[in-house]
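One letter stands for each residue in the lines below.
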Amino acid sequence: MKVVVIGGGPAGVAAAQAAIRAGAETTLVDSECALGGQFYRGSPQRIDPRVRHLPNSTVWAVEGLRLHIRTGLADSPNRAGETINADAVVLATGAHDRVVPFPGWDLPGVYTAGAAQALAKGQGIAIGKRVLVSGTGPFLLPVAESLSAAGARVLGIFEANTGLGWFTHPLAASPVKVVELAGYVRRLRAPWRPRTAVVAAHGEDRVVAVTVARLNPDWTIRSQRRVDVDAVCLGHGFTPRLELAVSAGCKLVDGFVAVDDTGATSVPGWYAAGEVTGIGGADLATAEGEVAGTAAARGPYPVAARAKVRSGRRFAAALAAAHPVEPGWHTWLTDDTLVCRCEEVTYRGLRAAVEADTAGTRTLKLTSRAGLGLCQGRMCGHNATELAATHLRRSFFEPTDLHRRPIATPVRLGELASLPEEDL
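Residues numbered from 1 in each chain as written. Predicted model: local features only at pLDDT ≥ 70, side-chain atom pairs only at ≥ 80, totals over all residues. Heavy atoms only, no water.

On to the overall build of the protein. When its secondary structure is counted, the protein shows 12 helices and 22 strands. Its C-alpha atoms give the protein a radius of gyration of 22 Å, within 12% of the compact-globule value 22 Å for 424 residues. With respect to the three principal axes, the spread of C-alpha positions in the protein is 60 × 50 × 40 Å. Here the contacts in the protein between residues at least 6 apart in sequence split such that 64% fall between residues at least 24 apart. For the protein, the separation between the mean place of its 45 positive charges and that of its 40 negative charges on side chains is 6 Å. (Helix = DSSP H or I, 4+ residues; strand = E, 2+ residues; numbered from the N terminus. Rg over C-alpha atoms; globule rule 2.2 N^0.38 Å. Contact = heavy atoms within 4.5 Å. Lys, Arg positive; Asp, Glu negative; His and termini not counted. Charge placed at Lys NZ, Arg CZ, Asp CG, Glu CD.)

This is the structure:
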C-alpha cells in the first residue's frame, strides 16, 4: 500500500504519521524546507524516519493517482523530477492569506499576516518598528504576538468585526480555544479595537501612514483618522489551496473540499485534511490528518481523533460566523486602486471589463487580465470575482474557476521538455 501525503503542516504530518503506523509505504511531499507549515514555523517538527520526506518539493500535475513531482529550490535550474503512482493520496495543502484591497495596499511596508509571521517566527525579523495589525479573525492575535517578540511596537490590533460571535455562537464546545484567546489578549499590550480597520495606506516609496476607520456592521465607513506607521500587517481570513483538488476532480462545497467521516473526497483514493476542508486551526487540522491518513492506509478507525474532528468543526463554524468578510469593503476602493497587483488592473479597469459583457470567469480574465499574472489569481481571484459579481448584481462563476490550473505550480519549459515521453 503506497500513500502520498501532500503538505507538511499539522494535517500533513499527522496524516503521514498515521499512514506509516497503519503499515503503508508513505511519502510526504512538502513545498517548504522544514516540516510544520505556518503554525509551527520556526519550531522544528519530527516525523517517523520510515516516512520518505521530500522537502522543497511540489506536485505540479496529477493524473488520477499518478503524481508528477519536482524537487529543489524554486529558483534552482537543477530541480529533479519524479513520478509516483500512489494507491491513495492525502491532500493537506493548507491555505494562504486573503487580503481585501484598498488604496495603497500595494506599497512596500504593507504585508500579509502570514508573511509577517513567517519573517518573525522563522527569522526573528520584524516588518517595522511601528506596526498596525488589521483585518478579521483570531489569527491577528498570534501574529501580533510574534511581531512584538521580534521587536516591533504593535500600535494596535484592529478587528473589522465585533469578535462577539465567539461568545454568542456555541463555542463552549471548545473551551480550550476560549482560554487560548484570553491568553493572547492578556499577554499583548497593544490595544485591541473592534469594528475598526485600516482602509488606506499612504506614502511614496513605502508606507508612512494609514487611514484607520470605525466601521458599520457591513464594513462601510463611519469615521476615520490618520495614523503614522512604518509597516502594516493585514489578514482578512484565508483562501484554501485547491489547485490539486480541482485537478483531481474533487467535489467542493462552500469553497472547500467535501469529505466524509473518514476524510475521503468524492474521488476514489483521494483524501483531504486541514484547511482545504475548512478553516479551523492546527488542532482540527491535526485530528483530520490522523483520520485521513489512517483511512488512506486502511488502518483501524481512529475513534479519539474523530471525536476531536467533530469538536473542531463546531469551533470552525463559530469562527466563520464571527469573522465574515462583509461587502462594505468595496466602498473603500477608488478608481485607481489596484485589484490585481501582478497585472496592475485597477478597480476602474475591472469595472470596464465587466461592462464589456462579461459572461464568466474566463472572459473576465481575458478582458481585464486580472488573474493572469505570476500568482495566477491566487491573491486577486476571490476579490476580483466578488467585485465583478456585485457590479453585475448576479454571480457568474463556479468555485472551481478560481483554482483550475492543470499545471498547479510553476514549471520551466526545459523541465517539461526533459520529461520522459510516457509522462507527456
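What follows picks up the thread again.
This part covers helix α10 (residues 361-368). Listing the buried residues of α10 in full gives Thr361, Leu364 and Ser368. Across the axial projection of α10, the buried residues extend over an arc of 60°, all falling on one side. The exposed residues of α10 that point more than 90 degrees off its buried face are Arg362 and Leu366. (Buried < 20%, exposed > 50% of the residue type's maximum accessible area, 1.4 Å probe, protein only. Arc of directions from axis to C-beta.)

What follows concerns the sheet that holds strand β2 (residues 25-29). Read across the open sheet, the five strands follow the order β3-β2-β1-β7-β20; overall the sheet is parallel. Whereas interior strands pair on both sides, the edge strands pair on one side only; in this sheet they are β3 (52-54) and β20 (270-272). Across the sheet, the mean angle from the axis of one strand to that of its neighbour is 20°, orientation sign disregarded. The pairing of strand β1 (residues 2-6) with strand β7 (residues 88-91) spans four bridges and is classified as parallel. Bridge pairing in β7 places Ile6 opposite Leu91. Against the sheet, helix α1 (residues 10-21) touches β1, β2 and β7, its axis set at about 170° to β2. (Pairing = 2+ DSSP bridges. Axes fitted to C-alpha atoms, helices over the stretch in contact; angles between N-to-C directions.)

Before going further, it helps to spend a moment on the packing of helix α7 (residues 282-296) against helix α8 (residues 303-322). Packing of α7 against α8 leaves a shortest axis separation of 8 Å and a crossing angle of 140°. Looking at the two axes, α7 sits oblique to α8. Classified by chirality, the crossing of α8 by α7 is left-handed. Note on element contacts: α8 touches α7 through Ala305, Arg306, Lys308, Val309, Gly312, Arg313 and Ala316, opposite Leu284, Ala287, Glu288, Glu290 and Val291. A per-class count over the contact of α7 with α8 returns six nonpolar, one polar and five charged. (Parallel < 35°, antiparallel > 145°, perpendicular 65-115°, else oblique. Left-handed = near helix turned anticlockwise from the far one by under 90°. Nonpolar A, V, L, I, M, F, W, Y, C, P; charged D, E, K, R; others polar.)

Before going further, it helps to examine the nonpolar core. Among the nonpolar cores identified, the biggest contains 41 residues, and Leu132, Val210 and Trp332 are the most heavily contacted of them. Residues within four places of Leu132 in sequence aside, it is in contact with Leu155, Gly156, Phe158, Val198, Val210, Val212, Val227, Val229, Ala231, Val232 and Cys233. Membership of the second largest hydrophobic core comes to 25 residues, among which are Leu54, Leu91, Leu244 and Trp270. (Core = buried A, V, L, I, M, F, W, Y, C linked by side-chain atoms within 4.5 Å.)

Moving on, we come to the environment of Val179. Take Val179: it is sitting in helix α5 (residues 175-187). Residues Val179 and Pro49 lie 130 residues apart in sequence; the distance between their C-alpha atoms is 35 Å.

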